[in-house]
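Observations on chain architecture
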Amino acid sequence: MITARAAATFEPVGRSVATARSFVRDTLQGWGHADIIDDAVVLTSELVTNAVVHAGTAAEVLCLRGEDHVRIEVSDRYPEREIPLQSSAIAMSSPDREGGRGLQLCAALASRWGVDYSATHKQVWFQIDLPERSVGTRAAGPVLPTDLLPLADERVRVAVVQIDRTGAITAWNEDAEHLFGYAADLVLGKPLTDLAAWPHTPGTSTGIVDALQLSRWEGSYGIRSASGRVSPVYASHLRVRGTDGEPSTVCLLVRDHERAVLQTPLRLPTTESGAHSESQGADPFEVFIGSPAPDDLDGLLQRTVERARDMLDADSAFLLLATDDETELEVRASTGLPSARQRFARVPVEVGPGRYGSARMPAVHEDLTQVPGAVPLLSGTGMRSVVTVPLKVEGRLTGSLGVAAEAPDRYSNEEALRLQFAADRIAMAVESARLGELEKLRRGSLSFLVEASDLLAGTLDRDQTLALMAQMTVPTLATWCAVYMIADQASDPYLSYVLHEDEDRIDGLKALLAKIAPPDPVPTPGARVWAAPAEAAHHAALRTSMRSLGLGEPASVSSGIGTTLATAAAVGGETVVLPLVARNRVIGMLTLGKPTDEHFRQEILELAEDLSRRAALALDNARLYSERMAISQSLQRSLLPPELPHVPGVEVEVIYRAAGEGNEVGGDFYDLFPIRDGAYGFAIGDVCGTGPEAAAVTGLARHALRLLAREGFGGPAVLERLNAAILDEGARSRFLTLLYGELWPQEDGSAVLKMVCAGHPLPLRLRQDGSVEPFAEPQPLLGVMDDLELYEQTMTLDAGDVLLCVTDGITERREGTRMLGDDGLAEVLAGCTGLTAGAVAARIMRAVERFAADAPSDDMAILAMRVPGIQHD
């Protein structure tokens, strides 16, 4: 009984043999019969070669799977060819005779084989019995001694999570609770996206939502555990349909270092069952790549290297794409090479003189051991012979395609021509897909930079700017980052901020970088490679390994590097440094790093360079803002008395609240100072506006009051002379409202006051019976008229009375159309009977702050004085 079938037709050209091999390999791999692939591919290769090369006709390949065997049929349209008799094994083939070798292989490798004829076709078929194996077995390994088995700290836990069509969690098993710390009732019904930390590169990768919609997906991401840390996991997603037809996704998750539990070999897309190639008019691109062609660049490049390897029976293949300036090539796809040959590693286009040292020309190397370094990508891989050809579009180098073998002398110019023919067929498609990827990346980059600019412009705090810059960089652009700052031109760089996508690695990373001399502050734009972190990580790993083996500490390894093997692996990849330049000065360096054997792609480095320019300006703005705020605060403090004197028999309390963000000097001020024995001067004023001009008038007023009062001038004379001094300031002149008075505490517990209120809110007097009344009369403000006729009023504060003086920031406090006003202030003060001066001032300020929800828009000052009276024992 036939349980599965797949068919394809191949044109009578030499490259069809490799395409047929790939078709059979993919089909059997998809059916799960990897153990018979080698024999089936060899037999298919010989029979298709007979059809398309020797018979010169198209070959039809049909794969049939039975319950216990696989049958492959190869048909051609040349039935008149002689078929050797099975009884003459010697005559079937000899080293000097090519015909019949495929049938001899069938006799040797197949369980059964035969030849069928029709009027127009000849069909050669073979059958391979499937090996007996336990039910469900897909792969097996040899029996190993116990001491050679992998070491596990505890049993392997597999979290089983089921997600409905909306992305909400519907199932959460016990292993998931153990791995991530959430009980099932805490996560059921919540979106998986609330827990998943998905590494996302702008414009190039899908997100967790997209992955959950695919029929099958495997890969790595992070899960935020209950402790707040991100646990790296390896996941296998399978889309299923319930009995009610409702789709859902089953997710199997293990710790990332246990990925072998779930990971399956990468399978290339198989040819659809029953699909046939077009006849004579087949597209050369489709013939080489296969149909359907991948619709994404990575898939297209991976399919290309697989087909190139099969076409020349190579052990490995690789494809590199050129950077925009055509000076370097980036590794974008490979097969059969060690894992160290990672994507985005860069090699120069010109590695030596002549055609064999340039990627712009085809090259064949019979033995790389004779020309070390001729192909940098293959150094240390064990490959001996290699053929490379350029990918060109309209004469411009866009990439390089190569295949390599472990044996020497495998390739000649003939193979180079075949590979060049294939490269010419795919170059335009690769370039088109690359430009599409670049466009997506650039759109994502623009969106990323716009968001980054908005975030950086939203703060003027240096520490917050550093944190934002690092969080935008990790993990979008890099696995980890470190920021070095430079205080001034004469200072050395110092490590200011470190961030890693895994919070557990941050402390180890800080310890590692603290032992390394910082990078040089070179102002040259662009990213430059910094080898020190990777070297330090390597030394730390070596030291740890030798210590674990009891071999002691190597003399060449510094004993001060305290980091773990995990930290060393996390920072052991490529590290680059970008200068932070603002206003023609290097203010720091942004360092980006990858884990072991990983490299940055050129587009990501260009994006990081754009980000570093914006971040540098934001950091410098934050520095300038901090300096300006420090200057303003210092100036503000200089305009207020450092401390208030003790006035016998009088309680005094002052509260001052400056409006704004702290970087502007306010116009409100107060003062209380001794004039002579038994006499004290006090003042509270408000200069129009803020900033340097207002500060000049504030300083002038405060110091003039003290000087003139101590010279013996009375209140009116003091204010008249101050008015003249303000008008002398000319264009910087500002008008000033001022309440100035002199205070004499009396032996009977009262206090005598002489006051002049020049345009300022009137002081209020609170009596012990709760009544409130103005305690002065209004007079003209200062800084407007030349001739002022001011007079002072003499008042007496009885024992228990309170005198409240405020600036207009208190009375003009607003909430919509409402304003606190003089009446509102008097009402609040009336409720302060019996309170100390400090309690009165605090209650007034609390009432003002609660009057409106918005932050105050004007400075506020309160001066409260209370005469407690004579205290009796």
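Residues numbered from 1 in each chain as written. Predicted model: local features only at pLDDT ≥ 70, side-chain atom pairs only at ≥ 80, totals over all residues. Heavy atoms only, no water.

Our focus in this paragraph is the sheet that holds strand β22 (residues 585–593). Adjacent strands of a sheet pair through backbone hydrogen bonds, lying either parallel or antiparallel. Judged by pairing direction, the sheet is antiparallel, and its five strands sit side by side in the order β19-β18-β22-β21-β20 without closing on themselves. In this open sheet, the two strands that pair with only one neighbour each are β19 (494–500) and β20 (528–529). Pairing between strand β18 (residues 480–485) and β22: six bridges, direction antiparallel. Across the sheet, residue Tyr484 finds its bridge partner in β22, namely Met589. Helix-sheet contacts for helix α11 (residues 462–473) involve β18, β19, β21 (575–582) and β22, and the interaxial angle to β19 is about 45°. Those strands touched by helix α12 (residues 506–514) are β18 and β19, and its axis lies near 150° from that of β19. (Pairing = 2+ DSSP bridges. Helix = DSSP H or I, 4+ residues; strand = E, 2+ residues; numbered from the N terminus. Contact = heavy atoms within 4.5 Å. Axes fitted to C-alpha atoms, helices over the stretch in contact; angles between N-to-C directions.)

Looking now at the packing of helix α10 (residues 413–457) against α11. At a minimum axis separation of 10 Å, α10 and α11 run at an interaxial angle of 165°. What the angle tells us is that α10 and α11 run roughly antiparallel. Our pair here, α10 against α11, has a crossing hand that is right-handed. Contact with α10, carried on its side by Phe448, Ala452, Leu455 and Leu456, involves Thr465, Leu468 and Met472 of α11 and no other residues of that element. Taken together, the residues of the contact of α10 with α11 break down into six nonpolar, one polar and no charged. (Parallel < 35°, antiparallel > 145°, perpendicular 65-115°, else oblique. Left-handed = near helix turned anticlockwise from the far one by under 90°. Nonpolar A, V, L, I, M, F, W, Y, C, P; charged D, E, K, R; others polar.)

Next up on the list: the packing of helix α19 (residues 821–830) against helix α20 (residues 837–851). Close contact between α19 and α20 brings their axes to 10 Å; oriented N to C, the two are set at 135°. Classified by the angle their axes make, α19 and α20 are oblique. α19 and α20 meet at a crossing whose hand is right-handed. The segment α19 lies against α20, with Leu825, Val828 and Leu829 engaging Val840, Arg843, Ile844 and Ala847.

Among the nonpolar cores identified, the biggest contains 51 residues, and Leu719, Leu738 and Leu782 are the most heavily contacted of them. The element best represented in this core is helix α16 (residues 692–710), accounting for seven residues. (Core = buried A, V, L, I, M, F, W, Y, C linked by side-chain atoms within 4.5 Å. Buried < 20%, exposed > 50% of the residue type's maximum accessible area, 1.4 Å probe, protein only.)

With that settled, the discussion passes to the sheet that holds strand β28 (residues 764–766). Spatial strand order, β23-β35-β32-β28-β29: five strands in an open sheet with antiparallel pairing. The outermost strands of the open sheet, each flanked by one partner alone, are β23 (651–657) and β29 (772–774). For this sheet the average axis-to-axis angle between neighbouring strands, irrespective of direction, equals 20°. Relative to strand β32 (residues 802–806), β28 runs antiparallel, the two sharing three bridges. Among the inter-strand pairings, Arg765 is bridged to a residue of β32, identified as Leu803. In this fold α20 packs onto β23, β32 and β35 (860–866), with an angle of close to 25° to the strand it touches most, β23.

Moving on to α16. For α16, built from 19 residues, the straight-helix expectation of 27 Å at 1.5 Å per residue is met to within 8% by its first-to-last C-alpha distance of 27 Å. Where the residues of α16 are buried, they touch α15 (602–638), β24 (668–676), β25 (679–687), α17 (715–727) and β26 (736–745). One or two residues past the end of α16 sits Gly712, with phi positive at roughly 95°. (Expected span 1.5 Å × (residues − 1).)

Quick look at the confidence of the model for the protein now. In the predicted model, the protein carries a mean pLDDT of 81, and 83% of its residues have values of at least 70. The least confident element of the protein is helix α3 (residues 89–92), whose mean pLDDT is 40; the most confident is β32, at 95. Long-range and interchain partners of residues 81–99, a stretch whose pLDDT sits below 50, account for 27 contacts in this model, where long-range means more than four residues apart. Between residues 265–282, whose pLDDT stays under 50, and residues either more than four places distant or in other chains, the model counts 28 contacts. (pLDDT = per-residue confidence, 0-100.)

Another point: α17. In this model α17 runs 19 Å from its N-terminal to its C-terminal C-alpha over 13 residues, within 8% of the 18 Å that 1.5 Å per residue would give. Its buried side turned inward, α17 meets α16, β26 and β27 (751–758).

Summarising the element assignment, Glu603 is placed in helix α15. On the basis of relative accessible area, Glu603 is assigned to the buried category, the value being 18%. Contacts of Glu603, omitting those with residues within four sequence positions, involve Glu330, Leu438 and Leu441.

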